[in-house]
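Coordinate analysis (summary)
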Amino acid sequence: MNAVTWDQRERIMALLAEASADPAVRAVVITATGRGFCAGADLRGGPPARPADERVAGDVARMIRQGAQRFIAAVMDCEKPVIAAVNGTAAGIGAHLAFACDLVIAAESAKFVEVFVRRGIVPDGGGAYLLPRLVGPQRAKELMFFGDALPAAEARAMGLVNRVVGAEELEKTAREWAERLAQGPTRALALTKQLVNASLDSDRAAAFAAEATAQELCMTTRDAQEGVAAFVERRTAEYEGR
């Protein structure tokens, strides 16, 4: 069910960092094979942890900061649009991995589970940050308090998923969306992503100031110049991602 190991998590974060830095990468898709998207965290194979009976205050918080939180932040901070193509169950950190993406496409058979309450622990990996911003505090609490599986169709109705498709259409739809994004003005998309994410924690004055600064930066790009020229010349813009 693709429980994510320490090595896999570190590899995904490295790939996201590489995608941000590589002008040739214009969009990212995170998906999985098999029955599940990601069943949560598999802690096997990571750095040796202190035995539970020898654990000291701060060990768990440090593990969460350096692990699950870094993982989710890497998705949110990626400078390219990130699509989640959810092929099956997304539970725990797997659900938060999907919700951290910019766009979410789910197979009809997919489901999302805030599994933490079933283990007697609080949601980690940014769950209590992401969910209230996506669905509001009351619905977020319902999902987190009960830990029930949320079918893809219901997740879409709540605003957690952009589109639900048949399993046979998932890869095709994700590729079509990625190709559309890859043909867009990549730096403008990156700045738009930053503005939207930051707006959830900003007041109006800060959001407006950030918008003005982003537009100033954007107007220096080749793609902005191409977009304006294409408009004036009444043709389709051809963006380079620069």
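Right above here is the structure, for reference.
A brief report on the enclosed structure follows. Please read these numbers as outputs of a predicted model, since none were measured by experiment. (Residues numbered from 1 in each chain as written. Predicted model: local features only at pLDDT ≥ 70, side-chain atom pairs only at ≥ 80, totals over all residues. Heavy atoms only, no water.)

Regarding the sheet that holds strand E3 (residues 82-86)
The strand order E1-E3-E5-E8 describes an open sheet built from four strands, whose pairing is parallel. Since the sheet does not close on itself, it has two edges, and those belong to strand E1 (28-30) and strand E8 (163-165), each with one partner. Put simply, the sheet's adjacent strands are angled 20 degrees from each other on average, direction ignored. Direction of pairing for strand E5 (residues 103-107) relative to E8: parallel, over a ladder of three bridges. The partner of Ile105 across the bridge, within E8, is Arg163. Relative to E5, helix H7 (residues 170-182) is tilted by about 165 degrees, and along the sheet it contacts E1, E3, E5 and E8. (Pairing = 2+ DSSP bridges. Helix = DSSP H or I, 4+ residues; strand = E, 2+ residues; numbered from the N terminus. Axes fitted to C-alpha atoms, helices over the stretch in contact; angles between N-to-C directions. Contact = heavy atoms within 4.5 Å.)

Side note on the sheet that holds strand E7 (residues 149-151)
Sheets are built from strands paired through backbone hydrogen bonds, the pairs being either parallel or antiparallel. Within the open sheet, the four strands sit side by side as E2-E4-E6-E7. Their pairing is mixed. Edge positions in the sheet fall to strand E2 (36-38) and E7, since each has one partner strand and no second. Recorded for the sheet is a direction-independent mean angle of 20 degrees between the axes of neighbouring strands. With three bridges connecting them, strand E6 (residues 111-113) and E7 associate as antiparallel partners. When the sheet's bridge partners are listed, Phe112 is paired in E7 with Leu150. Of the strands in this sheet, E2, strand E4 (89-91) and E6 touch helix H3 (residues 93-100), which is tilted by about 100 degrees from E4.

Observations regarding the state of the cysteines
In a disulfide, the sulfur atoms of two cysteines are covalently bonded to one another. One pass over the structure, following the stated rule, counts zero disulfides. For Cys101, which is in no disulfide, the shortest distance to another cysteine sulfur is to Cys78 and amounts to 9.4 Å. The buried category is assigned to Cys101, whose relative accessible area is 7%. (Disulfide = S-S within 2.5 Å. Buried < 20%, exposed > 50% of the residue type's maximum accessible area, 1.4 Å probe, protein only.)

Focus on the layout of surface pockets
Here the largest pocket defines a volume of roughly 1,200 Å³. Residue lining of the largest pocket: 38 residues in total, with Arg9, Ala41, Leu43, Met63 and Ile64 positioned closest to the centre. The set of elements that each furnish at least two residues to the lining of the largest pocket consists of helix H1 (6-21) and helix H2 (59-77). Top contributing element to the lining of the largest pocket by residue count: H2, with 10 residues. Across the lining of the largest pocket, the residue classes tally to 21 nonpolar, six polar and 11 charged. Among the elements of the structure, H3, E5, helix H4 (127-135) and helix H8 (186-199) are those that each provide at least two residues to the lining of the second largest pocket. Of the residues forming the lining of the second largest pocket, the biggest block, five residues, is contributed by H8. Residue classes in the lining of the second largest pocket are distributed as 16 nonpolar, four polar and four charged. (1 Å grid on protein atoms, 1.4 Å probe; cavity = no way out; pocket = protein on both sides within 12 Å on 5 of 7 lines; lining within 4 Å. Points joined across faces, edges and corners; volume = space filled by probe spheres on them. Nonpolar A, V, L, I, M, F, W, Y, C, P; charged D, E, K, R; others polar.)

A look at empty space enclosed by the protein
Applying the stated rule across the entire model yields one cavity of 30 Å³ or more. Roughly 50 Å³ of volume is contained in the largest cavity. Ala95, Phe99, Phe112, Val113, Glu114, Leu131, Leu143, Leu150 and Leu160 together form the lining of the largest cavity.

Focus: the environment of Gln69
If you trace the backbone, Gln69 turns up in helix H2. The exposure class assigned to Gln69 is partly exposed, which follows from its relative accessible area of 38%. Sequence separation between Gln69 and Asp124 is 55 residues; the distance between their C-alpha atoms is 7.5 Å. In this structure, Gln69 is in contact with Ile64 and Gly125, ignoring residues within four places of it in sequence.

Let's talk about the packing of H4 against helix H5 (residues 137-146)
For the pair H4 and H5, the least separation of the axes is 7 Å and the interaxial angle reads 130 degrees. As summarised for this structure, H4 and H5 are arranged oblique, according to the angle between their axes. Here the hand of the crossing between H4 and H5 comes out right-handed. Contacts between H4 and H5 pair Gly127, Ala128, Leu131, Pro132 and Val135 from the former with Pro137, Arg139, Ala140, Leu143 and Met144 from the latter. Looking at the contact of H4 with H5 residue by residue, the classes come out as eight nonpolar, one polar and one charged. (Parallel < 35°, antiparallel > 145°, perpendicular 65-115°, else oblique. Left-handed = near helix turned anticlockwise from the far one by under 90°.)

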